[in-house]
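# Summary of the model geometry
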Amino acid sequence: MGSFSLAFAATAALSLQQVVAGRGPPDADWHWHKGPDSEKPSVSVASTWPFALDVCKFGGAVHNSAVLVGGTNNSASPVAAFTSGQFADTQGQVAWDSVNSQVVRVTVNTSSSFVGARFSSDAADRFYGVWEYPWDDQLDNAGIEFELKGVGDSEGVNWANARAPFFFSNAGYGVYADTLQMGSYNFSVPGTAEFIFNTSSLAYYVILPDRPGDLKSILSAYAELSSTIEMPPDSGYGPTFWSDNFEEDFHGSVSNAQENYYDVINHLYYNQIRATSMFADRPYGTGNYSYGNFDFDPVYYPTPENFIQNLSDWGFDFQVWVANRAFLDTELYNASLANGWLFPGIDGEVFRGPALNLSIPEAYEYFKQHLSYFPSVGVKGYKIDRGEEGEMPVFEQNVQMGLFIQLCYETMVEKWGESNFFDFARSVVDRSRSKTNVWNGDAHSNYTGFAYSVTSGIRSGLMGFSTWSSDTGGYIREEEDPAEDLWARWMWFSTFSPVYEIPIGTNHTPWYPPYTSDLVEVLKESANMHHDLFPYIKSYTYQAHKTGIPVMRAAFLEAPYDEKTFDMTDAYYFGSELFVAPIITAENQRSVYFPEGTKHLEYFNKSFVFEGGSSASVEMDVHYIPAYVRAGAIVPRGDIYQGNNKWTKDWKPELTIELYPSKEVPWSSFVYYNGDTKQEVPITMKTSHYSGQVDVDYGPVGIGGKIVLFAKNGVHNATLHAGGGSASFNEVESLFDD
């Protein structure tokens, strides 16, 4: 193997009979039923040149128009006809079989160095997945050809590098290539998707929905083949506060980094702003670039173990920055150089931190043993950085990042156990989602960076990376960035993100000039609401853990019959009940399109209802975000995790179940996750079309509190019992009904 270049010859698109026979409203007559020919997909094979497969189900066909092999990635070409599974030129074999009712596996073995495949469909079809980075702020990959590697310096967001060898089409099928070898994807020809990998043996899977139009089931089938996220600890959802450099920007009597953290804790306490964790970005240790000696600098962290214990006592978990980089003259560099663990050809005297080859068992064990110092002194997670900036050969990126994420995970899980620490990485590939969470890299602190971050969050979910965050306000900042209005808007976006994390310090802290008290108020409102949504977010995170269906959802996952949702880059469903449309410009207003199939109620003031399929111009100041709740929704909220709330005397958890009944939705449900018992608890609501009576039933939610029903004729309340129960409300006048 060597350097990997990208060059594809354009090919003409072939037609595809869509798996989904047509698209229409939810009540369309699909004529679908389980039967002998719908239990497993069938495969038909072309015996003439070029070799091709049609995977059929529900009366449609996915056209795998070519299997590609070659000596280089730009010379790979369709294989010829075959006999009994062998290529006509005897260079290899193709085999295929139905794995289950949704999945067909295709296996290619050849003497050539590169293997790939081409899929052809209607020219208007869209392809989603592969990269977190939103090319040209697109949700799909139209016109894109690029390698399966870190994207690098780019518009809006640098190093938004979560990626996976998986794509799916709005036509109703997905394709997963089960490999971490370097590869390329090409979507530059309308209606054609093509991939090539640097391997002589490749298995790829064609995934069909379990019923027509159900794109979520494609994501679930992919997750079953690949991996799902691990449940984060309660502290992992945030808000998480951090600084690019806690060793500077001191205020008042602060004289070192430890005291700088305490200054943040004090301001959060006195302003009663909820938070759950902090982390130390580099610098924090001794050595070149403050990393590689596996320690804390005693000048800035004079008592690290006591300091970390103090953070814990005040309700904060603590993480530190790490990377597979050996900076010159550090312990990590010297040991790696002496043992031949560094990738050759990368001069540590010139380049800032060559990487260790973690495929060498001794290098892996050394790194793991020394990195274990951090959990031994109380650290509960890593911010895993770099891995795609030239510190290793490009073709090693995916394998090496997987190994480093695994190494980091092992040091933590051996100390704390599963789901009791929070690792998050910017460079992560496919199966590593089970070992780390994701942040979207270095967003630009402007409205372009904000817009790209919203889209990258949606795209991450489409690849199964559900526990995702962005640097609130952006990371790449000019002297005056972030502007107060931008930061406020981004804070609200983080409220409705799976994880809320926010960089402060280095002359950019909300409660210090040049910012006003109004921004501190927005921070409090948004951070505290994110904390209050914890029961809702955690329940959907558990669904992502089980099924691969993300918390932050492209609108078309909830409204697949509405063609307009397939191009929505700046609005999304947060779970199934809430629809969010951040204001991503310097204006106080935006146009919002509401997906077909349901009505939406403005969530904050509960004054306006919008019909599905309609558009509206909405105006909101920086103390709100356009957020909407669906008719018939059940939304669990409440203060169920204490975190840093030391200002409430005799604090105890309390859960609130919000109800939004509609006569047009006679029955609805929510699956609540009880974190204490680690069990799913059903909550159901029945609404009578005639009498307006609303009945709610629920299982053992584990925490007491209240049930709150919102209606035109007032807010109705009932007691919520920890062990389960029911409640009835009479003569309810729904907010959604005329």
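Keep in mind that this is a model prediction, so the values were computed, not measured.

About the criteria used
- Residues numbered from 1 in each chain as written.
- Predicted model: local features only at pLDDT ≥ 70, side-chain atom pairs only at ≥ 80, totals over all residues.
- Heavy atoms only, no water.
- Axes fitted to C-alpha atoms, helices over the stretch in contact; angles between N-to-C directions.
- Helix = DSSP H or I, 4+ residues; strand = E, 2+ residues; numbered from the N terminus.
- Parallel < 35°, antiparallel > 145°, perpendicular 65-115°, else oblique.
- Contact = heavy atoms within 4.5 Å.
- Nonpolar A, V, L, I, M, F, W, Y, C, P; charged D, E, K, R; others polar.
- Domains from an automatic or database assignment.
- Buried area = accessible area lost by both parts, 1.4 Å probe.
- Salt bridge = Lys/Arg side-chain N within 4 Å of Asp/Glu carboxyl O.
- Polar contact = N/O pair within 3.5 Å; in protein donor to acceptor, adjacent residues only side chain to side chain.
- UniProt positions renumbered as here; feature names shortened; annotations may be inferred.
- Core = buried A, V, L, I, M, F, W, Y, C linked by side-chain atoms within 4.5 Å.
- Buried < 20%, exposed > 50% of the residue type's maximum accessible area, 1.4 Å probe, protein only.
- Pairing = 2+ DSSP bridges.

### A short note on the packing of helix 9 (residues 484–495) against helix 10 (residues 517–532)
At a minimum axis distance of 8 Å, the contact between helix 9 and helix 10 shows a crossing angle of 10°. Looking at the two axes, helix 9 sits roughly parallel to helix 10. Here E484, W487, A488, M491, W492, S494 and T495 of helix 9 come into contact with helix 10, specifically with D518, L519, V522, L523, E525, S526, A527, M529 and H530. Counted by class, the contact of helix 9 with helix 10 contains nine nonpolar, four polar and three charged residues.

### Concerning the domain arrangement of the chain
Domain boundaries assigned for the chain yield domain 1 (40–224), domain 2 (232–322 + 375–408 + 421–548), domain 3 (551–618) and domain 4 (631–727). Between domain 2 and domain 3, the C-alpha centre-to-centre distance is 28 Å. With 25 residues of domain 2 at the contact, the number on the domain 3 side is 26 residues. With both sides pooled, the region where domain 2 packs onto domain 3 buries about 2100 Å², and carbon together with sulfur makes up 72% of that total. When the buried surface of domain 2 facing domain 3 is broken down by residue, I458, F496 and Y540 rank first, second and third, together holding 30% of it. Scanning the region where domain 2 abuts domain 3 turns up zero salt bridges. The interface formed by domain 2 and domain 3 holds nine residue pairs in polar contact (both at pLDDT 80 or more) in total.

### Here we look at the UniProt feature "domain: Glycoside hydrolase family 31 TIM barrel" (unreviewed entry) in the chain
Mapped onto the present numbering, the UniProt feature "domain: Glycoside hydrolase family 31 TIM barrel" (unreviewed entry) falls on residues 231–537. Taken end to end, residues 231–537 is 37% helix and 11% strand, and its two terminal C-alpha atoms sit 11 Å from one another.

### Quick look at the nonpolar core
Membership of the largest hydrophobic core comes to 197 residues, with the highest contact counts inside it found for F167, F195, Y204 and F318. With near-sequence residues (within four places) excluded, Y204 lies in contact with N64, V67, V104, R105, V106, V108, A117, F119, V175, Y176, A177 and F195. If you look at the next biggest cluster of nonpolar residues, it comprises 15 residues, including A555, F579, Y593 and F610.

### Thoughts on the sheet that holds strand 42 (residues 714–720)
The strands that make up a sheet pair up through hydrogen bonds in the backbone, lying either parallel or antiparallel. Taken in spatial order, the four strands of this open sheet run 36-37-41-42, and their pairing is mixed. Each edge of the open sheet is held by one strand with a lone partner, namely strand 36 (633–639) and strand 42. Going across the sheet, the axis of each strand differs from the next one's by a mean of 20°, ignoring polarity. Of the strand pairs in this sheet, strand 36 and strand 37 (residues 654–660) are connected by seven bridges, and their pairing is antiparallel. Following the sheet pairing, A633 is matched in strand 37 by Y660.

### Remarks on the sheet that holds strand 28 (residues 552–554)
In space, the six strands of this open sheet follow the order 28-29-30-35-32-33, with antiparallel pairing throughout. The open sheet terminates on both sides in strands that have one partner only, identified here as strand 28 and strand 33 (609–610). Across the face of the sheet, helix 8 (residues 447–461) comes into contact with strand 28 and strand 29 (572–574) while running at roughly 90° to strand 28.

### Focus on the pairing of strand 35 (residues 627–630)
Neither face of strand 35 is left uncovered, since the one carrying A627 and V629 and the one carrying Y628 and R630 both have all their residues buried. With three bridges joining them, strand 30 (residues 578–580) and strand 35 adopt antiparallel strand pairing. Pairing of L578 across the sheet is with V629, part of strand 35. In this sheet, strand 35 lies alongside strand 32 (residues 600–602) in antiparallel orientation, the contact comprising three bridges. Across the sheet, E602 pairs through a bridge with Y628, a residue of strand 35.

### A closer look at the pattern of salt bridges
All chains considered together, the criterion is met by 30 salt bridges. For the salt bridge of K149 with E147, the shortest nitrogen-to-oxygen distance reads 2.7 Å. As far as burial versus exposure is concerned, K149 and E147 are alike and both buried. Note that E658 and R637 form a salt bridge whose closest N and O atoms lie 3.7 Å from each other. Of this pair, E658 sits in strand 37 while R637 is found in strand 36, placing the two residues 21 residues apart along the sequence.

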